[in-house]
Amino acid sequence: MIVRIATEGQYELSSALLDRLNELDNSLVQTVAGGDQTAFARALSEMLALVRIQGKPVATEELVTSDLILPAPDTTLDEARTLFVGDGLIRG
Amino acid sequence: MGVISRISTLIRAKMSKLLDRAEDPREMLEYSYERQLEMLQNVKRGIVEVVTSKKRLELQAARLQENVNRLDGQARQALAAGREDLARLALQRKQLAMTQFEGLDTQIQDLAKEQEKLTTAEQRLTVKIETFRTRKEVIKAQYAAAEAQVRISESVTGLGEEMADVGLAIERAEEKTERLKARAGAIDELVAAGTVEDITGRGDLLDRELSQISSGQSVEAELAQLRAQLAGPQAPKQLPEASSTESSQPAGKDVAREDTAR
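Residues numbered from 1 in each chain as written. Chains lettered and ligands numbered in written order. Predicted model: local features only at pLDDT ≥ 70, side-chain atom pairs only at ≥ 80, totals over all residues. Heavy atoms only, no water.

1. A short note on the overall build of chain A
Rules: Here a helix means four or more residues in a row that DSSP labels H or I, a strand means two or more in a row labelled E, and each is numbered from the N terminus. Type-normalised accessible area, obtained with a 1.4 Å probe on protein chains alone, sets the label of each residue: buried when under 20%, exposed when over 50%, and partly exposed for intermediate values. By the convention used here, residues are in contact when the closest approach between their heavy atoms is within 4.5 Å.
From N to C terminus, chain A includes three helices and four strands. Mapped in sequence order, the helices and strands of chain A form the string β-β-α-α-β-β-α. Evaluated residue by residue, chain A yields a buried proportion of 43% over its 92 residues. When contacts within chain A are restricted to residue pairs at least 6 apart in sequence, long-range pairs at least 24 apart make up 68% of them.

Structure (structure tokens):
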């Protein structure tokens, strides 16, 4: 599957890692709900590290659509929170 | 999925907004190609914006550094004239100016990172646009309408996603420079007025008191150091130390010459 880290680039990742990614995503949601900035940053970088380490960067010349898009590395807790508020999804 | 699905939806919404016109697939090709070129211009503008903001902060940092030197000189003068109260005041201001200076330094580094990110995005987009341009010509020349449609939608969505993502990177860089601009304006005023106050002082009461105590301690320590230096001539024991560092100068000069030669 093709996974994009927003503002960074695309990676090709084995579909076998989808479950692990799902788990990490769930714990990320929990840190957003918990409002703990440090825990959020840790969970986010753990998720991105999985993609960077296990994935293979997609060549710049390729034009492919991603199956999943992950948050930008410098996403703050506040920004993540707006994703869960009604207008966060249609902003911009 | 939680965050992932929401981010994916967000980017895809941006993407379809970027490419929401053109029903005829061939027209779609030309339309998205033009949008890409526009987006590339936006990235370039974004880079200029970040570089300009960074220059401004660097200028401010230089001025703050001057202030620090000036206040340091004033503290010495005041102490030599026996005005310990004035010396303390000058050193307090010097501490504040130094705190501001450190804050600016962090921001300058932040902007340098943004600049790097946008420059990478620009390079990536340039390559993708070139790929798209080539593919566009091939599709137009070789494929029948129905087949072309499939290939067009593949290329267009792949590129649309890239454009949306680059758009996101620009947005984030813009937000950052806007925030810094507001702050930079406030520092400008303070520097101009010659009194640098702690405008970052937003921490809670305990934080502020703790930083006041530590800043107070370093002011007293510096005052004591100045006093000792002024008393220096009567205590010649300390002097040789200062001249011993000069013997290592020739090596330092070589480095400087090499620097200017580059």
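So, next bit.
2. With respect to the interface of chain A and chain B
Quoted interface sizes are often the accessible area lost when the parts come together. Basically, it comes down to this: In short, buried area is how much 1.4 Å probe accessible area vanishes from two parts on joining, totalled over both. For salt bridges, the criterion is a side-chain nitrogen of Lys or Arg within 4 Å of an Asp or Glu carboxyl oxygen. Between N or O atoms, a polar contact is any pair within 3.5 Å; within protein, one atom must be a potential hydrogen donor and the other a potential acceptor, and residues adjacent in sequence are included only when both atoms are from side chains.
Of the residues lining the interface, 37 residues belong to chain A; the matching set on chain B comes to 35 residues. Between chain A and chain B, roughly 3,100 Å² of surface is buried when both sides are summed, and carbon and sulfur atoms account for 57% of that area. If you sort the residues of chain A by the area they bury against chain B, A:Thr7, A:Leu63 and A:Ile69 come out on top, with a joint share of 25%. Connecting chain A to chain B are seven salt bridges. Between B:Lys176 and A:Asp74 there is a salt bridge; the shortest N-O distance is 2.8 Å. Taken together, chain A and chain B are joined by 18 residue pairs in polar contact (both at pLDDT 80 or more).

3. Topic: the packing of aromatic side chains
Selection rule: When two rings of Phe, Tyr or Trp (its six-membered ring) have centres within 6.5 Å they constitute a pair, described as stacked for plane angles under 30 degrees, edge-to-face for angles over 60, and tilted for the intermediate range. Cation placement over rings: the criterion is NZ of Lys or CZ of Arg within 6 Å of the ring centroid and within 35° of the ring normal.
Counted under the stated rule, the structure contains zero aromatic pairs over all chains. If you follow B:Lys136 out to its NZ or CZ, it ends over the ring of B:Tyr33, 4.6 Å from the centre.

4. Focus: the pairing of strand S1 (residues 2-5) of chain A
Residue and element names in this part refer to chain A. Convention followed: Paired strands are those between which DSSP finds at least two bridges.
The alternating pattern of S1 places Ile 2 and Arg 4 and Val 3 and Ile 5 on opposite faces, both of which are buried. As paired strands, S1 and strand S2 (residues 9-12) are joined by four bridges and run antiparallel to one another. Pairing of Arg 4 across the sheet is with Gln 10, part of S2. Between S1 and the antiparallel strand that follows it, S2, lie three residues; Thr 7 among them carries a positive phi value of about 65°. Of the pairings in the sheet, the one linking S1 to strand S4 (residues 68-70) comprises three bridges and is parallel in character. Along S4, the bridge assignment pairs Arg 4 with Ile 69.

5. Description of the nonpolar core
Spelled out, the test is: Throughout this description, the term nonpolar core refers to a set of buried Ala, Val, Leu, Ile, Met, Phe, Trp, Tyr and Cys residues connected via side-chain atoms within 4.5 Å.
Formed by 33 residues in total, the largest nonpolar core has its most connected members in A:Leu21, A:Met47, A:Val51 and A:Leu70. Secondary structure elements with two or more residues in this core: S1, helix H1 (18-34), helix H2 (37-54), S4 and helix H3 (77-83) of chain A together with helix H1 (3-18) and helix H4 (145-193) of chain B. Once residues lying within four places of it in the same chain are set aside, the contact partners of A:Val51 are A:Val3, A:Ile5, A:Tyr11, A:Leu13, A:Leu21 and A:Leu70.

6. Things to note about unusual backbone geometry
In the Ramachandran plot, A:Thr7 falls in the positive-phi region, its phi being about 65° despite a non-glycine side chain. Tracing the backbone through its elements, the reader meets A:Thr7 in the loop between S1 and S2.

7. Details of the confidence of the model for chain A
When pLDDT is low, close inspection of the predicted coordinates is not appropriate. Defined as follows: For every residue, the predictor reports its confidence as pLDDT, a number between 0 and 100.
Across chain A, pLDDT averages 86, with 91% of residues at or above 70. Across residues 86-92 of chain A the pLDDT falls below 50, and counting only partners more than four positions away or on other chains, this stretch makes twelve contacts in the model.

8. Some remarks on the pattern of salt bridges
For side chains of opposite charge, pairing can occur when their charged atoms come near one another. Residue and element names in this part refer to chain B. For the structure shown, the criterion picks out 28 salt bridges over all chains. Of the charged contacts in the structure, one is a salt bridge between Lys 44 and Glu 122, with a shortest N-O distance of 3.9 Å. With a gap of 78 residues between them, Lys 44 in helix H2 (residues 25-80) and Glu 122 in helix H3 (residues 84-142) connect regions that are remote in the sequence. The partner of Arg 88 in a salt bridge is Glu 220, with the nearest N and O atoms 2.7 Å apart. You can see Arg 88 sitting in helix H3 and its partner Glu 220 sitting in helix H5 (residues 205-230), a full 132 residues away along the chain. For Arg 88, a relative accessible area of 25% gives the class partly exposed.

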